[in-house]
Amino acid sequence: MGISTYLREIGRGAQGARPLTRLQASDMLGQVLDGQCSDFEIGAFCVAMRLKGETPEEMAGFLDAIGTRTTKVQAGKRPIVVLPSYNGARKLPVLTPLLGLLLAREGLPVLLHGTATESSRVPSWAVLQAMGMHAQPATAPIASGTLHWIPTEGLLPGLKRLLDVRRAIGLRNPAHSLVKLMNPCAGPSLVVGSYTHPEYAISMAATFKLMNTSALLLRGTEGEPVADARRVPRMDLFLGGQMQQVQEAQTGSLNNLPELPAIDAASTAAYTQSVLDGRLPVPEPVARQVAQILLACQTLPFGS
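Residues numbered from 1 in each chain as written. Predicted model: local features only at pLDDT ≥ 70, side-chain atom pairs only at ≥ 80, totals over all residues. Heavy atoms only, no water.

Asker: Help me out: how do you make sense of the nonpolar core in this one?
Answerer: Within soluble globular proteins, side chains that are nonpolar tend to cluster in buried spots. Within the largest apolar cluster, 50 residues are counted, with the highest numbers of intra-cluster contacts made by L29, F45, F62, I66, V73 and L162. Once you skip the residues sitting within four places of it in the chain, L29 turns out to touch F45, F62, A65, I66, L162 and L178. Membership of the second largest hydrophobic core comes to 34 residues, among which are L98, L190, Y271 and V275. (Core = buried A, V, L, I, M, F, W, Y, C linked by side-chain atoms within 4.5 Å. Buried < 20%, exposed > 50% of the residue type's maximum accessible area, 1.4 Å probe, protein only. Contact = heavy atoms within 4.5 Å.)

Asker: Would you mind going over a nonpolar patch on the surface with me for this structure?
Answerer: Together, V47, L51 and I169 make up a nonpolar patch on the protein surface, roughly 240 Å² of accessible area in all. Judged by relative accessible area, L51 falls into the exposed class, the value being 56%. (Patch = residues over 30% accessible without salt bridge, like charges linked within 9 Å, V, L, I, M, F, W, Y side chains within 5 Å. Areas by Shrake-Rupley, 256 points an atom, 1.4 Å probe, with all protein chains shown as cover. Salt bridge = Lys/Arg side-chain N within 4 Å of Asp/Glu carboxyl O.)

Asker: Explain the side chain of S85 here, please?
Answerer: Assignment of secondary structure puts S85 in the loop between β2 (80–84) and α6 (96–105). Relative accessible area serves as the criterion here: at 7%, S85 is assigned to the buried category. For S85, the contacting residues outside a window of four places in its chain are T96, L112, H113, G114, T115, S124 and E224. (Helix = DSSP H or I, 4+ residues; strand = E, 2+ residues; numbered from the N terminus.)

Asker: Quick question: what am I supposed to make of the packing of helix α3 (residues 22–33) against helix α9 (residues 157–169) here?
Answerer: Two quantities define a packed helix pair, namely the angle between the axes and the distance from one axis to the other. Packing of α3 against α9 leaves a shortest axis separation of 8 Å and a crossing angle of 90°. Put simply, α3 runs roughly perpendicular to α9. Contacts from L29, V32 and L33 in α3 reach G158, L159, R161 and L162 in α9. Along the lines of polarity and charge, the residues of the contact of α3 with α9 split into five nonpolar, one polar and one charged. (Axes fitted to C-alpha atoms, helices over the stretch in contact; angles between N-to-C directions. Parallel < 35°, antiparallel > 145°, perpendicular 65-115°, else oblique. Nonpolar A, V, L, I, M, F, W, Y, C, P; charged D, E, K, R; others polar.)

Asker: What is the right way to read the sheet that holds β2 from this model?
Answerer: Sheet strands associate in pairs through backbone hydrogen bonding, adopting either a parallel or an antiparallel arrangement. Taken in spatial order, the seven strands line up as β4-β3-β2-β6-β7-β8-β9 in an open sheet, and their pairing is mixed. Bordering the open sheet on either side are β4 (147–151) and β9 (242–247), each of which pairs with just one other strand. The mean inter-strand angle of the sheet, taken between neighbouring strand axes irrespective of direction, is 25°. Strand direction decides the pairing type here: β2 and strand β3 (residues 110–114), joined by four bridges, are parallel. Across the sheet, residue V82 finds its bridge partner in β3, namely L111. Where helix α13 (residues 284–299) meets the sheet, its contacts fall on β2, β6 (189–195), β7 (215–219), β8 (235–239) and β9, and the angle it forms with β8 comes to roughly 15°. (Pairing = 2+ DSSP bridges.)

Asker: Would you mind showing me how to read the layout of surface pockets here?
Answerer: To find the voids left in a structure, one rolls a probe of water-molecule size over its atoms. By volume, the largest pocket amounts to about 620 Å³. Lining the largest pocket we find 32 residues, and of these Y195, T196, H197, E222 and G223 sit closest to its centre. Contributing elements (two or more residues each) for the lining of the largest pocket: α9, α10 (174–178), β6 and α11 (198–211). Within the lining of the largest pocket, the residues separate by chemical class into 11 nonpolar, 10 polar and 11 charged. The volume enclosed by the second largest pocket comes to roughly 290 Å³. (1 Å grid on protein atoms, 1.4 Å probe; cavity = no way out; pocket = protein on both sides within 12 Å on 5 of 7 lines; lining within 4 Å. Points joined across faces, edges and corners; volume = space filled by probe spheres on them.)

Asker: For this particular structure, what's the right way to read the environment of A296?
Answerer: Within the secondary structure, A296 sits in helix α13. Given a relative accessible area of 2%, A296 falls into the buried group. Separated by 57 residues in sequence, A296 and L239 have C-alpha atoms that sit 8.7 Å apart. When neighbours within four sequence positions are excluded, A296 is seen to be in contact with L190 and L237.

Asker: What exactly am I supposed to notice about the side chain of N173 here?
Answerer: Looking at the element boundaries, N173 is found in the loop between α9 and α10. Take N173: its relative accessible area is 3%, and that puts it in the buried class. Separated by 3.0 Å, the side chain of N173 and the backbone oxygen of L162 make a polar contact. A distance of 2.8 Å separates the side chain of N173 from the backbone nitrogen of A175, its partner in a polar contact. In this structure, N173 is in contact with C46, E54, L162 and V165, ignoring residues within four places of it in sequence. (Polar contact = N/O pair within 3.5 Å; in protein donor to acceptor, adjacent residues only side chain to side chain.)

Asker: Just checking my understanding: could you explain the environment of D164 for this structure?
Answerer: Examined against the element boundaries, D164 turns out to sit in helix α9. Through-space distance from the C-alpha of D164 to that of H176 is 9.9 Å; in sequence the pair is 12 residues apart.

Asker: Would you take a moment to explain the pattern of salt bridges for this structure?
Answerer: All told, the structure shown has 11 salt bridges when counted by the stated rule. Of the charged contacts, one joins R22 and D64 as a salt bridge, the two residues approaching to 2.7 Å between their closest N and O atoms. In this pair, R22 sits in helix α3 while D64 sits in helix α5 (residues 56–67), placing the two residues 42 residues apart along the sequence. Since its relative accessible area comes to 32%, R22 is described here as partly exposed. With a closest N to O distance of 3.9 Å, D164 and R167 form a salt bridge. You can see D164 and its partner R167 sitting in helix α9, three residues apart, about one turn around the helix.

Listed below in structure tokens is the structure:
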């Protein structure tokens, strides 16, 4: 059938557009991911969804399409912590690798997936490479106590292509939100989701509930799934379709602000290693996030 019928529904502008059902959304994105659409159709899809906005049901349908096409990472004896890293550093250093390595040090398997979506930012993978770590295939098992970085195209090439449309048209599309919501694991896992604006917290929470995703949701650092080192954010835990607040937001900043590095990969890598070696303290907000993730993983199957 193609996606033209769906485009007529979603492409009527912010006031006239009609939402798709979960099944329709899954079918439409599935065709996009499978390369069955022309560049014109993909561009129309991206612009129409940007103007209309996605409903939680549509996001759930999109995630259904992703879930049936993604190369699944196999969970082992402990739940995998999933860190979607797509924003990188703009004004603050990207500490997502530090979060992942701290969790690995506690014995958890950690999956960091992502790709660069803006050429002006410093991505997590550049920091990991500066630390001598390289990408892993999605088929490689993640042992407890290790961090694997898997590029998006290693999980689902069509999703990477959709992310790259932003470079052509200059607009975000649903893929930029979906990568922060998807769970590419088979077996027990905890997705660490992050948002930058309060309205995204509401929509992400609704989608996690629909998908019955085990997740920790917080306002991250410039779109990254790591707590801002300067203040403790609110953290909400999703288990079994239910949400509970596990960490209150701190008002104001910390009394003693941490000394953070420059945002370039080499400086951030050196800082990360210094924290891991104990020569610098773990920023308190990040330490609290680690503690909440450890507690959450104890409630999942195979948690210990």
